[in-house]
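Observations on the model geometry
If you want the building blocks of each chain, they are given just below.
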Number of protein chains: 2
Amino acid sequence: MGAALALAARGRGRTSPNPPVGCVIVSDGAVVGRGWTQPSGRPHAEAMALAEAGERARGATAYVTLEPCAHVSPRGPACADLLVAARVGRVVAAVGDPDPRTNGAGLARLAAAGIATASGVRVDEARAAMAGFLTRLAKGRPHVTLKLATSLDGCIARASGESRWITGPEARAHVHLERSRHEAILVGRGTWEADHPRLDVRLPGLEPRAPRRVVLSGTLPLGRADEPAVIDSPPAITSLPGDHLFVEGGAGAASAFLTADLVDRLLLYRAPILIGGGRPALGDIGLESLADAHGRWTLVDSRQLGSDRLEVYERSQCSRESSPT
Amino acid sequence: MGAALALAARGRGRTSPNPPVGCVIVSDGAVVGRGWTQPSGRPHAEAMALAEAGERARGATAYVTLEPCAHVSPRGPACADLLVAARVGRVVAAVGDPDPRTNGAGLARLAAAGIATASGVRVDEARAAMAGFLTRLAKGRPHVTLKLATSLDGCIARASGESRWITGPEARAHVHLERSRHEAILVGRGTWEADHPRLDVRLPGLEPRAPRRVVLSGTLPLGRADEPAVIDSPPAITSLPGDHLFVEGGAGAASAFLTADLVDRLLLYRAPILIGGGRPALGDIGLESLADAHGRWTLVDSRQLGSDRLEVYERSQCSRESSPT
């Protein structure tokens, strides 16, 4: 299942409207097929892995990060039917598919065909891998990652506006990697007009994975009609294509998304420098007391990137999200 | 030597004008004596360890974090003489004593008495344990630790001034432990007048180790003549007693010490919260470009304290310190 999860990650940011899924088929202790959801969501991971395995799938075990789908669509066959036809011996799914067209029906169809099934394996990791899909399904909006790059004292620039560079090349390369995992990237109008950022992915081999550029601007339009896309407020992200939105700056856009309680994941890149009296990372976010600030964020990862530290926080499970307005 | 270093740490903040030193005497593989510099600097670590070892010191190895002193003072005998008289077989010193009254003479006297000597063992740790002593010797001022306790976005309070609590009880207890390791603790006049902080050590058993309170205030006097002490600018710390100064806040005092380039060690306690638009940890610190901000601080330790993170930075070896003015 670990290998299947790693394969699932390959599709992140490109499989919408489908979730990024991974599949590994094992026969007699050897991997005979590997698959992951392809761009735009088809073929599914199981179809790709079965195609690779061919006849060797017979009697094998398929590990898949999401319950195989039970519904035939104009875009492809039902994976449960493919697995039955390939006569696999056993299917292990990390989690059930909450899509109402499947929702248990995939595993049921396998079981009805005499295939052993199991689920509930590495559930948290599987959910994390599909966070965009699950957020879209549950909340009707993309999963939102906010990036902040600051000094130790929380500044994103000197008072003069000088901001190049706070973090080093390793941290900046990591930001580009994160961009490649999102369908859309957003900056505020101030950042857009001041910097005209390219917001692309400048990493060898990943250049084609640049996300769609979006500007948050209360006053439409920006000028050119089609590029970038423009939304007038954070709740309007429901209209954006894709299941993953990367909010990259500046302080105004970051604060607007936090005020709207529309940030699911926080990437905090910190350089070991002090600026003093610089431009703060955030403006007012509507906090009414310090007590309200606690318990909202959980540290899920941290790592060294050159001389900088990356900390990844996620919205705490118990945290409230305000209702859409 | 590791055990000797741990013993040395016991004296930190109480041994001025002497450095905190640790000593372990080992005979036939067993520890027969342990000592560390006592409050106000006497007895020395070696004297305490030899007293414990008694006759068992004969032929034993003494591990000491600093070269034994060669000079007799009105306050006590020379440790080199004590070791010779005890007829130890071997003395291992972590580092030489830069005090001009010793500076190699201690080890030389031991060698002249036929005692085997060695030095240069765990040098960096030994120097770190004596940072206050070495700073006073080299720069004529105490070693300065600056404490900052912030949110992830670098705030020390909400815009309203609300600052209780950003960090949790574990982090606050750690601050009290750090206080106990310093002879003096400083806050700015604004913090003093707003909060009337006790600045004591509220940890069981360490209550007597509260540092001397000092207020940074351009306008003298504060009122009561003797408590707290008052200095009018950061360079005036040369007049403070003790070799360790803890600068605890607020932003004005922190910024003044950073502007004067008089911070040797930075304790950054960070709570996993976002405040947004709050009071920044620092005001202007005289930074003229981002390039000048880099390379000044090196992360030397980090740890989890409840839900908070502590990061310890030290002045980088290559960093410049401005001349006293």
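No experiment lies behind these values; they were computed from the predicted model shown. (Residues numbered from 1 in each chain as written. Chains lettered and ligands numbered in written order. Predicted model: local features only at pLDDT ≥ 70, side-chain atom pairs only at ≥ 80, totals over all residues. Heavy atoms only, no water.)

**Overview of the domain arrangement of chain A**
Residues and elements named next belong to chain A. Note the following rule: Residue ranges for the domains trace back to a domain assignment, done automatically or taken from a database. Any two residues having at least one pair of non-hydrogen atoms within 4.5 Å are treated as being in contact. A 1.4 Å probe defines the accessible area here, and the buried area is the portion of it lost by two parts on being joined, summed over both. In the sections that follow, a salt bridge refers to a side-chain nitrogen of Lys or Arg positioned within 4 Å of a carboxyl oxygen of Asp or Glu. Definition of a polar contact: a pair of N or O atoms within 3.5 Å, with one able to donate and the other able to accept a hydrogen when the atoms are protein atoms, and with sequence-neighbouring residues admitted only if both atoms are side-chain atoms. Gly falls in the polar group here, along with every residue not listed as nonpolar (Ala, Val, Leu, Ile, Met, Phe, Trp, Tyr, Cys, Pro) or charged (Asp, Glu, Lys, Arg).
Here chain A is described as being made up of domain 1 (1–132) and domain 2 (141–315). Taking only C-alpha atoms, the centre of domain 1 and the centre of domain 2 are 33 Å apart. Listed by partner, the interface residues are ten residues for domain 1 and eleven residues for domain 2. Counting each side, the surface lost to burial between domain 1 and domain 2 is near 910 Å², with a carbon and sulfur contribution of 44%. When residues of domain 1 are sorted by the area they lose upon contact with domain 2, R12, G13 and G132 head the list and together hold 60% of the total. Between the two partners, domain 1 and domain 2, sit zero salt bridges. Inspection of the region where domain 1 meets domain 2 yields four residue pairs in polar contact (both at pLDDT 80 or more). Its residues assigned to classes, the side of domain 1 that touches domain 2 comprises two nonpolar, five polar and three charged.

**A word on the UniProt feature "binding site: NADP(+)" (unreviewed entry) in chain A**
All names here are of chain A. Condition: UniProt positions are given in the numbering used here, feature names are shortened, and annotations may be inferred rather than shown by experiment. Only DSSP runs of H or I reaching four residues or more are called helices, and only runs of E reaching two or more are called strands; each is numbered from the N terminus. Buried, partly exposed and exposed residues are distinguished by accessible area as a fraction of the type maximum, computed with a 1.4 Å probe on protein chains only: under 20%, between the cut-offs, and over 50%, respectively.
Per the UniProt entry, the sites bearing "binding site: NADP(+)" (unreviewed entry) are A149, W165, T191, D195, L199, G250, A251, G252, A253, A254, S255 and A256 in this numbering. The greatest C-alpha distance among the residues just named is 24.4 Å, and with 108 residues of sequence between them they are spread in space as well. Position of G250 among the secondary structure elements: in the loop between strand 11 (244–249) and helix 9 (251–259). The contact partners of G250, leaving out residues within four places of it in the chain, are G188 and T191. Along the polypeptide, A256 turns up in helix 9. Since its relative accessible area comes to 23%, A256 is described here as partly exposed. What A256 contacts, discounting residues up to four positions off in sequence, is L216 and P234.

**A word on the sheet that holds strand 5 (residues 116–119) of chain A**
Residues and elements named next belong to chain A. Short version of the rule: Pairing between strands is defined by DSSP: at least two bridges between the two strands are required. Whenever a helix is involved, its axis is fitted only over the stretch in contact; in every case the axis is a line through C-alpha atoms, and angles between N-to-C directions fall within 0 to 180 degrees.
Strand order in this open sheet of five strands is 2-1-3-4-5, and the pairing throughout is mixed. Unpaired on one side and paired on the other, strand 2 (30–36) and strand 5 mark the two borders of the sheet. Each adjacent strand pair in this sheet contributes to an overall mean axis angle of 15°, direction not counted. Strand direction decides the pairing type here: strand 4 (residues 90–95) and strand 5, joined by four bridges, are parallel. Bridge pairing links A93 to S119 in strand 5.

**Some remarks on the UniProt feature "active site" (unreviewed entry) in chain A**
All names here are of chain A. The sites that UniProt annotates as "active site" (unreviewed entry) are E46. Mapped onto the secondary structure, E46 falls in helix 2 (residues 45–53). When its relative accessible area of 4% is taken as the criterion, E46 is described as buried. Those residues in contact with E46 that sit more than four places away from it in its chain are C23, V64, L66, P68, C69, C79 and L83.

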